[in-house]
Amino acid sequence: MEIFNERIDDVPLILGICEKMSIKKNIESSIKTHKNQEGLSNGEIVMGWIGYILSEGDHRKSHVSSWAEGKKKCLEGFYGKEVKGGEFSDERLTGILSQLSEDGKWEKIEKDLWEGTVEVMRMGKSSEKREGEREVWLDATSASCYHERNDEGLLQYSGNPKDGRRDLPQIKMMISVDKKSRNTIATDIVAGNKNDDILYLPNIKRVRKIVPEAGQRGLLYSGDSKMSSLSIRLDIAKNNECYLCPLQMNTKGKKKDLSDGIEQAINGKVDLTKIYKEKGGNKEQIGHGFEYEKEQEVGKGKAKFKWKERLQVIFSQAYFKGEKEKLDRKIEKGIKEIKQIKGKQVFLSKEEESRKYVEEKVEKIKAKYSLENLLKVSYQTHAKEREYERTEKRKGKTREGKYTLTKIRVLPEKIEVNSKELKDLYDKMGWRLYVTNAPSDRLSLQDAYNHYRGSQFIVENSFHILKDKPIGLTPIFVWKDDQIKGLMRLLTLCLKISSIISSKLRLSLEEEETSLQEIYPSQPKKKTSSPMTKTVLNLFYRQDITLTSVSVGDEVHWGISHMSDTCKKILRHLKIESVYENLLAVFNNQRTPL
């Protein structure tokens, strides 16, 4: 009797979702498998590589082959063919990354995968969306690399790195994310020294090629203040679409619009609309504001284009609290540093030198924390006299006596905060100017603010998933530009799979008004209706799910170790409840291969 064991854990789950999204088919339609290539196709190799990355939390090429050898039977069950040694060799993986780096092929893959994503996410009333009301978030992030800078390539230094590593070259990524499914739509990989604001339009134009709702009035683009450039708003308006973003205060005109709006609100010249947020079944006021229409006009003659947009002057309690705490910390630090000035000790005749020295120190500290008009500092002269005895011999005679020297030091004595200036600053805090061209029946003042603040985390969460385990964008272990670009695109495929798993689970659990337990190892009784993909995969890994065969003579019997009811429930909500049983059936010759 011979017994064979192979741990499969979460791999069938990952490959099952890949299969539902038609990863293999979509990859092979763009990255053709060479006619002389034996064994697995490029689509099957990508599918297996995604399984390795999400299961092991590692994207190094050198480890994929040994992992595939340890999951040989699992992969053969899904592929329906033998997996030979060398299928996941470094040479094959390098070739796939090179092809993924080609823009034309990647754009086709993204379009095909988006259509597959929409199909996978359809699951009853909770996921239904009225025609033309898709909402898209856009933002950019960067990744630092321990590589040498390439003046002609992707790896460049940035003046304002997002991770704070000015000493390392970086690469930048611009992505658009669908609010409902939280799935990436279009991804652009560019050099690390590119400014964020010039990345929005190229990505938006690619979204239009992918999303069928593009060009309809209901499609809404949202982004941070760098998306508020007039050229971007013009392009969106021209294409009969909507935008929502805070205005970047980079011109005198915009600063005046905000300042005038705040003054009108403070002096009661406008009616303010209260903004509420639903919390635990109750309404909680989180701010207030008002809006007004403004007509924009760009171009001349036949090229002239006009459209109306709504400027929303909004006060946020949370934003005010954060800004106030920031200013209070600056004042506290400034006062503390001014008090620590030691001054310069000089003789009485050089008092002005000591005063000038300490005043210059104070002004530098005030400028450092932008407190020039807030702090008033008065100074006091501290004198110290010391008596000395003198014994002097001159021309054979001894002269004795005493003399006194006075040294002084000018120091900050009293530091006062200008209460009127401080109150004026407090009054202007918490206000922000938003702009949208969406009609009020589509997006009211309250809806606009709640949409922006309530879903801003979606794109940030995508970045977090991309950089955290199991995907782990950094460190990057490839060096050539085409390999870096291809790898980052492969990792966005992993991000799509991760987003599908978490979003599909969340929507299905909401639809059935249920939750999951035993997800968190340290809190087995804790319930959740929105588990993260990382937590789900970790649960399957902890189950130690094993594919086993027992050979007795000519007979071979296959089986899979027991999995918990929670795991079975997760598979049911993901609509892949039979993925493990189907894998087993392949080896028991009860059905055709997947």
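Our subject is the structure that appears above.
We now turn to the structure provided with this report. Remember, predicted model here, so these are calculated numbers, not experimental data.

### Some points on the overall build of the protein chain
Argument step 1. From N to C terminus, the protein chain includes 19 helices and 15 strands.
Argument step 2. The globule rule puts the C-alpha radius of gyration for 594 residues at 25 Å, and the 33 Å found for the protein chain is more than 25% above it.
Argument step 3. By its C-alpha atoms, the protein chain is 125 × 75 × 55 Å across when sized along the principal axes.
Argument step 4. Within the protein chain, buried positions represent 47% of all 594 residues.
Argument step 5. A separation threshold of at least 6 residues defines the contact pool for the protein chain, and within that pool the share at least 24 residues apart is 68%.
Argument step 6. Of the roughly 30,600 Å² of accessible surface on the protein chain, 46% is carried by carbon and sulfur atoms.
Argument step 7. A distance of 6 Å separates the average location of the 109 positive side-chain charges in the protein chain from that of its 91 negative side-chain charges.

### What to know about the packing of helix α17 (residues 533–542) against helix α18 (residues 565–573)
Argument step 1. Running from N to C, α17 and α18 point in directions that differ by 135°, and their axes come no closer than 10 Å. The orientation of α17 relative to α18 falls into the category oblique. The element α17 and its partner α18 pack so that their crossing is left-handed. Contact residues: α17 offers V536, L539 and F540, while α18 offers T566, C567, I570 and L571.
Argument step 2. Considering only residue class, the contact of α17 with α18 consists of six nonpolar, one polar and no charged.

### Focus: the environment of S549
Argument step 1. For S549, the location among the structural elements is in strand β14 (residues 546–552).
Argument step 2. Sequence separation between S549 and G116 is 433 residues; the distance between their C-alpha atoms is 35 Å.
Argument step 3. Setting aside its immediate chain neighbours within four residues, S549 contacts E2, I3, F4, V556, H557 and W558.

### Let's talk about the packing of aromatic side chains
Aromatic rings in a pair are described by how distant their centres are and how their planes are angled relative to each other.
Argument step 1. Inspection of every chain in the model, using the stated rule, returns eleven aromatic pairs.
Argument step 2. Summarising the aromatic geometry, the rings of F4 and W558 are spaced 6.2 Å apart at their centres and angled 70° between planes, so their arrangement reads as edge-to-face. In this pair, F4 sits in strand β1 (residues 2–7) while W558 sits in strand β15 (residues 555–560), placing the two residues 554 residues apart along the sequence.
Argument step 3. Of the residues examined, F4 reaches a relative accessible area of 31% and is grouped as partly exposed.

### Concerning the nonpolar core
Argument step 1. Core analysis: the biggest nonpolar cluster contains 102 residues, and L13, I50, F88, L490 and F540 have the highest contact counts within it.
Argument step 2. With 13 residues, helix α16 (residues 481–512) is the largest single contributor of residues to this core.
Argument step 3. Beyond its immediate sequence surroundings of up to four residues, I50 is in contact with I14, C18, I23, L490, L493, C494 and I497.
Argument step 4. Judged by nonpolar contacts, the second largest core, of 38 residues, contains L199, I210, L219 and W307.

### Concerning the pattern of salt bridges
Argument step 1. One pass over the full model with this rule turns up 40 salt bridges.
Argument step 2. Of the charged contacts in the structure, one is a salt bridge between R60 and D58, with a shortest N-O distance of 3.1 Å.
Argument step 3. What makes D58 buried here is its relative accessible area of 13%.
Argument step 4. Of the charged contacts in the structure, one is a salt bridge between R208 and E241, with a shortest N-O distance of 3.0 Å. Linking R208 in helix α8 (residues 200–210) with E241 in the loop between α9 (230–238) and β6 (242–246), this pair joins segments that are 33 residues apart in sequence. E241 carries the same exposure label as R208, and that label is buried.

### Things to note about the pairing of strand β3 (residues 170–178)
Argument step 1. Among the nine residues of β3, nine are classified as buried, and the element is accordingly described as predominantly covered.
Argument step 2. Side-chain alternation along β3 places Q170, K172, M174, S176 and D178 on one buried face and I171, M173, I175 and V177 on a second face that is also buried.
Argument step 3. Following β3, the chain reverses through five residues before pairing antiparallel with strand β4 (residues 184–191); R182 in that reversal takes a positive phi of roughly 60°.

### Some points on the environment of D235
Argument step 1. Position of D235 relative to the elements: it lies in helix α9.
Argument step 2. Measuring from C-alpha to C-alpha, the distance between D235 and K205 comes to 9.4 Å, with 30 residues separating the pair along the chain.
Argument step 3. Setting aside chain neighbours within four positions, we find D235 in contact with L201, K205 and R208.

### Here's the deal with unusual backbone geometry
Argument step 1. Here the residue pair K469 and P470 is connected by a cis peptide bond, since its omega of 10° sits within 30 degrees of zero.
Argument step 2. The topology assignment puts P470 in the loop between α15 (457–467) and α16.
Argument step 3. The linkage connecting T474 with the following residue, P475, adopts the cis geometry, with an omega of 0°.
Argument step 4. Relative to the assigned elements, P475 resides in the loop between α15 and α16.
Argument step 5. Of note, the phi angle at D9 is positive, near 45°, even though the residue is not glycine.

### A few points about the sheet that holds strand β13 (residues 431–436)
Argument step 1. Taken in spatial order, the nine strands line up as β4-β3-β2-β5-β6-β13-β9-β8-β7 in an open sheet, and their pairing is mixed. At either margin of the open sheet sits one strand with a lone partner, and together these are β4 and β7 (273–279). Across the sheet, the axes of successive neighbouring strands diverge by a mean angle of 25°, strand direction being ignored.
Argument step 2. Relative to β4, β3 is paired through seven bridges, and the arrangement is antiparallel. If you follow M174 over to β4, its bridge partner there is D188.

### With respect to the sheet that holds β1
Argument step 1. Pairing is antiparallel in the open sheet, where three strands are placed in the order β1-β14-β15. Each edge of the open sheet carries a strand with a single partner, namely β1 and β15. Taking the axes of each pair of neighbouring strands and ignoring which way they run, one obtains an average angle of 15° across the sheet.
Argument step 2. Bridge count between β14 and β15: six bridges; the pairing is antiparallel. Looking at β15, one finds that L547 is bridged to I560.
Argument step 3. Contacts from helix α5 (residues 72–79) reach β1, β14 and β15 within the one sheet, and its direction differs from that of β1 by about 80°.

### A short note on a nonpolar patch on the surface
Argument step 1. A grouping of M1, I3 and V552 is seen on the molecular surface, where their side chains present a nonpolar patch of about 360 Å² in accessible area.
Argument step 2. The class for I3 is exposed, based on a relative accessible area of 56%.

### Topic: the packing of helix α3 (residues 42–56) against α16
Argument step 1. One can describe the packing of α3 onto α16 by two numbers: an axis separation of 10 Å at closest approach and a directional angle of 70°. On the basis of the axis angle, α3 is roughly perpendicular to α16. In this structure, α3 contributes V46, W49, I50, I53 and L54 to the contact, and α16 contributes L490, L491, L493, C494 and I497.
Argument step 2. The residue inventory of the contact of α3 with α16, partitioned by class, reads ten nonpolar, no polar and no charged.

### Structural notes on the pairing of β13
Argument step 1. Here β13 lies mainly inside the structure; five of its six residues are buried.
Argument step 2. The sheet contact formed by β6 and β13 spans three bridges and is antiparallel. Looking at the pairing, C245 lines up with V435 of β13.
Argument step 3. The pairing of strand β9 (residues 305–316) with β13 spans six bridges and is classified as antiparallel. Across the sheet, residue V313 finds its bridge partner in β13, namely L433.

Reading the values: rules and limits
- The numbering scheme is per chain: residues are counted from 1 as the chain's sequence reads.
- Confidence filtering applies because this is a predicted model: local features only for residues at pLDDT of at least 70, side-chain atom pairs given and counted only at 80 or more, and all residues used for totals across whole chains, interfaces and linings.
- Hydrogens are left out, water is left out, and the side-chain values use all remaining heavy atoms of the structure.
- The helix count covers DSSP runs of H or I at least four residues long, the strand count covers runs of E at least two residues long, and both are numbered beginning at the N terminus.
- Just to be clear, the radius of gyration here is over C-alpha atoms, and the globule rule we use is 2.2 Å times residues to the power 0.38.
- Each residue is placed in one exposure class: buried if its accessible area under a 1.4 Å probe, protein chains only, is under 20% of its type's maximum, exposed if it is over 50%, and partly exposed if it falls in between.
- What makes two residues a contact is simply this: any of their non-hydrogen atoms within 4.5 Å.
- Only the protein chains shown count as cover for residues, with accessible areas throughout obtained via the Shrake-Rupley method and a probe of 1.4 Å.
- Positive: Lys, Arg. Negative: Asp, Glu. His and the chain ends are not part of the count.
- We put the charge of a Lys on NZ, of an Arg on CZ, of an Asp on CG and of a Glu on CD.
- Helix axes are fitted only over the stretch in contact, all axes being lines through C-alpha atoms; the angle between N-to-C directions runs from 0 to 180 degrees.
- Any angle that is under 35 degrees is reported as roughly parallel, and any over 145 degrees as roughly antiparallel; angles of 65 to 115 degrees are reported as roughly perpendicular and all others as oblique.
- Whether a crossing is left-handed or right-handed is set by the direction in which the near helix is turned from the far one by less than a right angle, anticlockwise for left-handed and clockwise for right-handed.
- Note that Gly is not counted as nonpolar here; it falls among the polar residues with everything else outside the nonpolar set of Ala, Val, Leu, Ile, Met, Phe, Trp, Tyr, Cys and Pro and the charged set of Asp, Glu, Lys and Arg.
- Aromatic pairs are defined between Phe, Tyr and Trp rings, using the six-membered ring for Trp, whenever the two ring centres lie within 6.5 Å; interplanar angles under 30 degrees are classed as stacked, those over 60 as edge-to-face, and all others as tilted.
- Each nonpolar core is a collection of buried residues, namely Ala, Val, Leu, Ile, Met, Phe, Trp, Tyr and Cys, held together in the definition by side-chain atoms within 4.5 Å.
- We define a salt bridge as a contact between a side-chain nitrogen of Lys or Arg and a carboxyl oxygen of Asp or Glu at a distance within 4 Å.
- Criterion used throughout: strands pair if DSSP finds at least two bridges between them.
- Here a patch means residues that are over 30% exposed by relative accessible area and free of salt bridges, tied together within 9 Å if like-charged and within 5 Å if nonpolar (Val, Leu, Ile, Met, Phe, Trp, Tyr).

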